[in-house]
Amino acid sequence: MSQDHLVVVGASLAGLRGAEAARKAGFAGRLTIVGAEPHRPYDRPPLSKQVLGGSVAPGATTLPILEPLDAEWRLGSAVTSLDRIGRTIDLEGGERIAYDRLLIATGARPRPWPDAAQNDLAGIHTLRGRDDAAALRSALAARPERVLVVGGGFIGCEVAAACRDLDLPVTLVETGPTVLAAILGVHLGSVVAALHEARGVDLRFGSEVEAFEDDGTGHVVRARFADGRTLETGCVVVALGAIRNTEWLAGSGLAFDEGGVDCDADGYVLDAEGRPDRAIAAAGDVARFPHPLYDGRFVALEHWGHAAAQGAHAARLLVGRGTGEAYAEVPAFWSSQGGLTIKSVGLTEGADGLVIAQGDPKTGRFLALYGRAGRCIAAVSFDSVRWLPAYAEMVASRAPFPPPGGAVDQGGLTMLTPGFPGEDDR
Amino acid sequence: MPVSNHDRIGTSPSPDPSRAAGGLQVSVDLNLCQAYAQCCYAAPEHFVLHGAEALHYDPAPSAAARQSIERARVACPVQAILVEDAGSGRS
């Protein structure tokens, strides 16, 4: 086993679970953890839920540390560059750290509003980190007359739900046909949209914000839509997805872009010629890797469980305690919004069929199974998580789709169209 | 699993100002959670179900909650509750 210097870049869930896994595997060398934020690794899922609601303080979500780390921390120091030949990284502020093994877990950040001047207006928020959550919580606690959420992905939906929990008027604008269309498809996205509509969210689909206007002092007061309409609002949440923190890899020779840094099936990063660098692995949101379950398609997953599992996998690899097997964890995530819990296993991308395998959307509790080319590729439960493990096994084993009728609680399965927006619409 | 964080701190002057001395840190793997709600019985002040299966929990209970948090952790049928207990010598 390697007992030299392991440097973890990213004081995140992936970085922390990686550091823990290295120690647990017996790594006794020097361990340094670098983080851009001044905080110890913290848990993000509560930020868009209980923290916005005010029941959990933004600073309370520090992650439990489950192994003695004996680590040197460099917090509040973003990494600025990587020299793979000299095996060093540079930090903001000028410090240079030499590594023998490097775990890249720099994660992602919210995609900003495209107009930089408007993005900087007071009252325009994004939500990713704990400081973001603290700022948005303060803004919501001041009871704005209306909150505008731009984007109908999971963060947008959870923020809108949190606003209604606080009895705040909220408008959610989405350019697509409904919420969560890119992830769940229009069919199930519409089920979620109906929940938010019933809870009083003003939903505007096929609608696009063109610009934000300020009051002359730099505070947003109004959104102007592409169709010329306007909406008065002093509190905007831009929820347009994430871009990976990879800029610091410029000049390193590694293969990367805003969608992540490329890795091989083991988890080692790849250079621009596709050769692995066996001193460096990546994990979590920033790692784009070929998933064996999906024919080696390169994916970069923004999932909590994935960050934890891949962080541990990559660290074990780096300290010479890898399993020798490709990382093949089945993707899984959850979201809770407006009292509804959605849990998912697998990846829905490319699905050509959908069946409601158990339950009934009319009752609010059901399990949907997605298929592609005759195989199960994903399962999604709505308030019915205990049905999920059985279907997770079908996804993991790429079982035939649709499943045989006798395997479910309904006589016949109706094949539905998931309704993913076409490539042209994306 | 013994845990104590005698970590050396680099540019950060203190581990985390928000971390209460002797307090606990809790995280729940909500992929694993099956909403059996045993934690809600074991530590009702710290674990609450919203709706059918959305678990809300206190991520930073005080040291005084140690016993009930431990009861909840052990009671979880899917072992989804992760606890760091700087004060007890175990997690």
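Residues numbered from 1 in each chain as written. Chains lettered and ligands numbered in written order. Predicted model: local features only at pLDDT ≥ 70, side-chain atom pairs only at ≥ 80, totals over all residues.

A.B. asks: Explanation requested: unusual backbone geometry in the structure shown.
C.D. replies: Among all residues except glycine, the phi angle is most often negative; among peptide bonds, the trans geometry is most common. Of the consecutive residues Phe401(A) and Pro402(A), the connecting peptide bond is found in the cis state with omega at -5°. Turning to its location among the elements, Pro402(A) is positioned in the segment after helix H8 (388-396). Despite not being glycine, Leu180(A) has its phi angle at roughly 55°, a positive value. Mapped onto the fold, Leu180(A) is located in the loop between strand S11 (170-174) and helix H6 (181-198). Within the chain, Gln79(B) stands out as a residue other than glycine whose phi angle is a positive 50°. Mapped onto the elements, Gln79(B) comes out in the loop between helix H2 (66-75) and strand S5 (81-85). On the basis of neighbour count, Gln79(B) is assigned to the exposed category, with 11 C-beta atoms found within 10 Å. (Helix = DSSP H or I, 4+ residues; strand = E, 2+ residues; numbered from the N terminus. Buried ≥ 20, exposed ≤ 12 C-beta atoms within 10 Å, placed from the backbone.)

A.B. asks: Help me out: how do you make sense of the sheet that holds strand S5 (residues 88-91) of chain A in this one?
C.D. replies: The strands that make up a sheet are held in pairs by hydrogen bonds between backbone atoms, and each pair lies either parallel or antiparallel. Residue and element names in this part refer to chain A. If you trace the 3 strands from one edge of the open sheet to the other, you get S4-S5-S6, paired in antiparallel fashion. Of all strands in the sheet, those bounded by a partner on one side alone are strand S4 (79-83) and strand S6 (96-98). Pairwise comparison of adjacent strand axes, ignoring direction, gives a mean angle of 20° for this sheet. Relative to S6, S5 is paired through 3 bridges, and the arrangement is antiparallel. (Pairing = 2+ DSSP bridges. Axes fitted to C-alpha atoms, helices over the stretch in contact; angles between N-to-C directions.)

A.B. asks: I'm lost on helix H1 (residues 13-24) of chain A in this one. Help?
C.D. replies: Along an α-helix, residues three or four apart share an orientation, since each turn contains 3.6 residues. All names here are of chain A. For H1, which comprises 12 residues, the first-to-last C-alpha distance of 16 Å matches the rise-based estimate of 16 Å (1.5 Å per residue) to within 8%. Most of H1 is tucked away, with 11 of its 12 residues classed as buried. Inspection of H1 places Leu13, Ala14, Gly15, Leu16, Arg17, Gly18, Ala19, Glu20, Ala21, Ala22 and Arg23 among the buried residues, and these make up the whole buried set. On its buried face, H1 is in contact with strand S1 (6-9), strand S2 (31-35), strand S7 (101-104) and helix H7 (304-318). Downstream of H1 by a residue or two, Gly26 has a phi angle that is positive, lying close to 105°. (Expected span 1.5 Å × (residues − 1). Contact = placed C-beta atoms within 7 Å.)

A.B. asks: How should the environment of Ala21(A) be read in this particular structure?
C.D. replies: Residue and element names in this part refer to chain A. Position of Ala21 among the secondary structure elements: in helix H1. Residue Ala21 is classed as buried on the basis of its C-beta count, with 26 C-beta atoms lying within 10 Å. Sequence separation between Ala21 and Ala312 is 291 residues; the distance between their C-alpha atoms is 5.1 Å. For Ala21, the residues in contact, after removing those within four places along its chain, are Ala312, Ala315 and Arg316.

A.B. asks: Would you mind showing me how to read the pairing of strand S12 (residues 202-205) of chain A here?
C.D. replies: Residues and elements named next belong to chain A. Bridging between S11 and S12 involves 4 bridges; their strand directions are parallel. Residue pairing in the sheet places Thr171 in a bridge with Asp202 of S12. In the classification by handedness, the crossover that spans S11, the intervening H6 and the parallel S12 is right-handed. (Right-handed = clockwise from strand over helix to strand, strands pointing away.)

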